[in-house]
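Report on the structure
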Number of protein chains: 2
Amino acid sequence: MSSTSHLDGTRTRLIEGAADLLSTEPYPAVGVKAICDRADVQKGSFYHFFASKEDLTIAALDESWDRLKTEVIEPAMAGIPDAHSRCEAIWAACTNGEEGVDGIHRDARIIGRLASSVTENEPRLRERLGAVFTEWMTMLGDDEACWASLAELQGRLVLSFALPAGVAGA
Amino acid sequence: MSSTSHLDGTRTRLIEGAADLLSTEPYPAVGVKAICDRADVQKGSFYHFFASKEDLTIAALDESWDRLKTEVIEPAMAGIPDAHSRCEAIWAACTNGEEGVDGIHRDARIIGRLASSVTENEPRLRERLGAVFTEWMTMLGDDEACWASLAELQGRLVLSFALPAGVAGA
C-alpha cells in the first residue's frame, strides 16, 4: 500500500467513524476521542487530517448528503409530480428497514441529528446544513408546500429519536 | 423569607436556568455548571435539589409542557375541528414573535430541542418525551394524519435551528 492510499484510508475511516456516531448521537455528544476510537486512529493523528471536529463533521455531512441524494431522494421522487407525494416517497425510501437504527436510513439520520443539534457555536456547519436543506427544497419544488413537506419529513425523524420505533409511523 | 421558600426559590431558579439553556442548546451541550451559573446557585448545592441533570431536565420539561399546553396549544386549537388545521394554528401561535429566540415560543423550542437531542443514554427523559408527544397527539385526534401534522410542526422547529430565521417559513 502506498503512503498516499494509507493516508486516504485513515481519512476515510475518520469520516466513516464520525458518520456512525453522528447517526445516533447529537453533535455535542460526539467527541474527537470517541471518533478516533471508532476509526482506530490515534488521537494525535486526528489534526493531521482535520483542523477541528466541525471540519470533519462537514466532510461527513457532505458524503451523507451526496449518498442520500443519489441513492435515496432522486430515485424515490422520480416520476412523482408534487412535493408532498415526493416527500412521502422519500420517507418511505428512508424507512425501508434495510439499513440503520430503527430501520431509518443512516444518512437521513445523520442529517436529521445534525440539523437538530447544531447551534450558533458551529456557524460553518450550520451554513452547510442550510445549503443542504435549500438544495433539498429546490429538488422538491420551491414553494411553501415544499417547506411543509420537508418539515414533516424532518419532524418524523425527530419523533423517531424521541419515541419508541413504530409509535410515530416510523 | 422562610427557609422553605428560600429553598423553593433556589429550585425554581435551577429549573428556569435549565429551561433558558435548553431552549437554545441541545441536551448534551448543557452542563450542570452552566445551569448553576445561570441560576446563580453554587454547584455544590445542585445535588441537594436534583439527583442528576436528567432529573432537573425532566422537571423543566414538565413545566414547559404544562405552559405550552395551557397557554398555547389549547387556546390555539379551540374551535378548530381537524388535526392539520389545529397544528397550523398551534405553529402560528408558537411563532407570534412575542417570545423566545427567532420569534419561536420558548417552551416549544425546549420540547423541540430535547426531542431532537435525546439519546438512549437518557431513558427516563426519553420516556417522558414520549409521553408528552403521545398526550399532544391525543389532543390533536388520534390517527395517522395527526402524526403527520405533529411531525410537520416538530420539523419546522428543527429547520428553524438549522436555517436562518424566515427561510423555513418560521
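Keep in mind the model is a prediction, meaning the values are calculated, not measured.

The next thing to look at is the overall build of chain A. Each helix and strand counted, chain A has 8 helices and 0 strands in total. The secondary structure elements of chain A, listed N-terminal to C-terminal, are α-α-α-α-α-α-α-α. The C-alpha radius of gyration of chain A comes to 17 Å, within 12% of the 15 Å expected for a compact globule of 170 residues. Structurally, chain A occupies a C-alpha span of about 50 × 35 × 30 Å along its principal axes. Counting only residues that meet the buried cut, chain A has 53% of its 170 residues in that class. Positive and negative side-chain charges in chain A, numbering 16 and 27 respectively, have mean positions lying 6 Å apart.

Superposition record for chain A on chain B: RMSD 0.0 Å, screw rotation 180°, translation along axis 0.0 Å. Both chain copies can therefore be described as sitting about a two-fold axis. Interface residue correspondence from chain A to chain B reaches 100%, placing this contact among same-surface, isologous pairings.

So, about helix H5 (residues 83-94) of chain B. Residue and element names in this part refer to chain B. Taking 1.5 Å per residue, 12 residues should reach 16 Å; H5 reaches 16 Å between its end C-alpha atoms and fits that length. Residues of H5 that are buried include every one of Ala 83, Arg 86, Cys 87, Ile 90, Trp 91 and Cys 94, and no others. For H5, the buried positions fall inside an angular range of 135° around the axis, keeping them on one side. Along its buried surface, H5 packs onto helix H4 (53-77), helix H6 (106-117), helix H7 (123-140) and helix H8 (144-162).

What follows covers the interface of chain A and chain B. Counting from both sides, the interface comprises 34 residues of chain A and, opposite them, 34 residues of chain B. Summing the contributions of chain A and of chain B, the shared interface buries around 2800 Å²; its carbon and sulfur component is 64%. The three residues of chain A that bury the most area against chain B are Trp 147, Leu 159 and Ala 162 of chain A, which together make up 18% of that side's buried surface. Here chain A and chain B share 0 salt bridges between them. Where chain A touches chain B, the interface holds 4 residue pairs in polar contact (both at pLDDT 80 or more). Contributing elements (two or more residues each) for the side of chain A that touches chain B: helix H6 (106-117), helix H7 (123-140) and helix H8 (144-162) of chain A. When residues in the side of chain A that touches chain B are grouped by element, the largest group, 13 residues, is from H8 of chain A. Looking at the side of chain A that touches chain B residue by residue, the class counts come to 17 nonpolar, 10 polar and 7 charged.

Turning to the environment of Pro 26 of chain A, a few remarks are in order. With respect to the helices and strands, the residue Pro 26 of chain A is situated in the loop between helix H1 (3-22) and helix H2 (32-39). The sequence separation of Pro 26 of chain A and Ser 116 of chain A amounts to 90 residues, and the corresponding C-alpha distance is 7.5 Å. Setting aside residues no more than four positions away along its own chain, Pro 26 of chain A makes contact with Arg 113 and Ser 117 of chain A together with Pro 28, Ser 117 and Thr 119 of chain B.

The next point concerns the packing of H8 of chain A against H7 of chain B. Running from amino to carboxyl end, H8 of chain A crosses H7 of chain B at an angle of 130°, the nearest separation of the two axes being 8 Å. In terms of axis orientation, H8 of chain A runs oblique to H7 of chain B. On the side of H8 of chain A, the interface is formed by Leu 159, Ser 160, Phe 161 and Ala 162 of chain A, while H7 of chain B contributes Arg 126, Leu 129, Gly 130 and Phe 133 of chain B. Within the contact of H8 of chain A with H7 of chain B, the residues separate by chemical class into 5 nonpolar, 2 polar and 1 charged.

Residues and elements named next belong to chain B. Along the chain, the position of Phe 50 falls in the loop between helix H3 (43-49) and H4. According to the relative accessible area criterion, Phe 50 is buried, its value standing at 5%. Sequence separation between Phe 50 and Cys 87 is 37 residues, and the spatial gap between their C-alpha atoms is 34 Å. Dropping the residues within four chain positions of it, Phe 50 is found in contact with Arg 11, Leu 14, Ile 15, Asp 55, Leu 56 and Ala 59.

Each value, and the rule that gives it
- Positions within a chain are numbered from 1, following the residues in the order the chain's sequence is written.
- Labels are handed out in written order, letters beginning with A for the chains and numbers beginning with 1 for the ligands.
- Local features are withheld for residues below a pLDDT of 70 in this predicted model, meaning they are given only at 70 or higher, and side-chain atom pairs are given and counted only at 80 or more; totals for whole chains, interfaces and linings count all residues.
- Heavy atoms throughout the structure, all of them, feed into the side-chain values; hydrogens and water do not.
- Every helix listed is a DSSP run of H or I at least four residues long, and every strand listed is a run of E at least two residues long, numbered separately from the N terminus.
- Note that the radius of gyration is over C-alpha atoms, with the globule rule given as 2.2 Å times the number of residues to the power 0.38.
- Partly exposed describes any residue whose relative accessible area lies between the buried limit of under 20% and the exposed limit of over 50%, with all areas from a 1.4 Å probe on protein chains only and scaled to the type maximum.
- Neither His nor the chain termini are counted; the positive set is Lys and Arg, and the negative set is Asp and Glu.
- In plain terms, the charge of a residue is placed at NZ if it is Lys, CZ if Arg, CG if Asp and CD if Glu.
- Superposition of the copies was done by least squares, using only C-alpha atoms of residues whose pLDDT is at least 70 in both.
- Here a residue-residue contact requires only that any non-hydrogen atoms of the pair lie within 4.5 Å.
- Multiplying 1.5 Å by the residue count of a helix minus one yields the expected span of that helix.
- Comment: arc refers to directions from the helix axis out to C-beta atoms.
- Accessible area that two parts lose when put together, evaluated with a 1.4 Å probe and summed over both, is termed the buried area.
- Here, a salt bridge means any side-chain nitrogen of Lys or Arg that lies within 4 Å of a carboxyl oxygen of Asp or Glu.
- Under this definition, polar contacts are N or O atom pairs within 3.5 Å; protein pairs additionally need one hydrogen-donor-capable and one acceptor-capable atom, and for neighbouring residues in sequence, both atoms have to be side-chain atoms.
- All amino acids are sorted into three groups, where Ala, Val, Leu, Ile, Met, Phe, Trp, Tyr, Cys and Pro are nonpolar, Asp, Glu, Lys and Arg are charged, and the leftover types, Gly among them, are polar.
- Fitted lines through C-alpha atoms serve as axes, helices being fitted only where they are in contact, and the angles separating the N-to-C directions of these axes extend from 0 to 180 degrees.
- Should an angle fall under 35 degrees it is taken as roughly parallel, and over 145 as roughly antiparallel, whereas 65 to 115 is taken as roughly perpendicular and any remaining angle as oblique.

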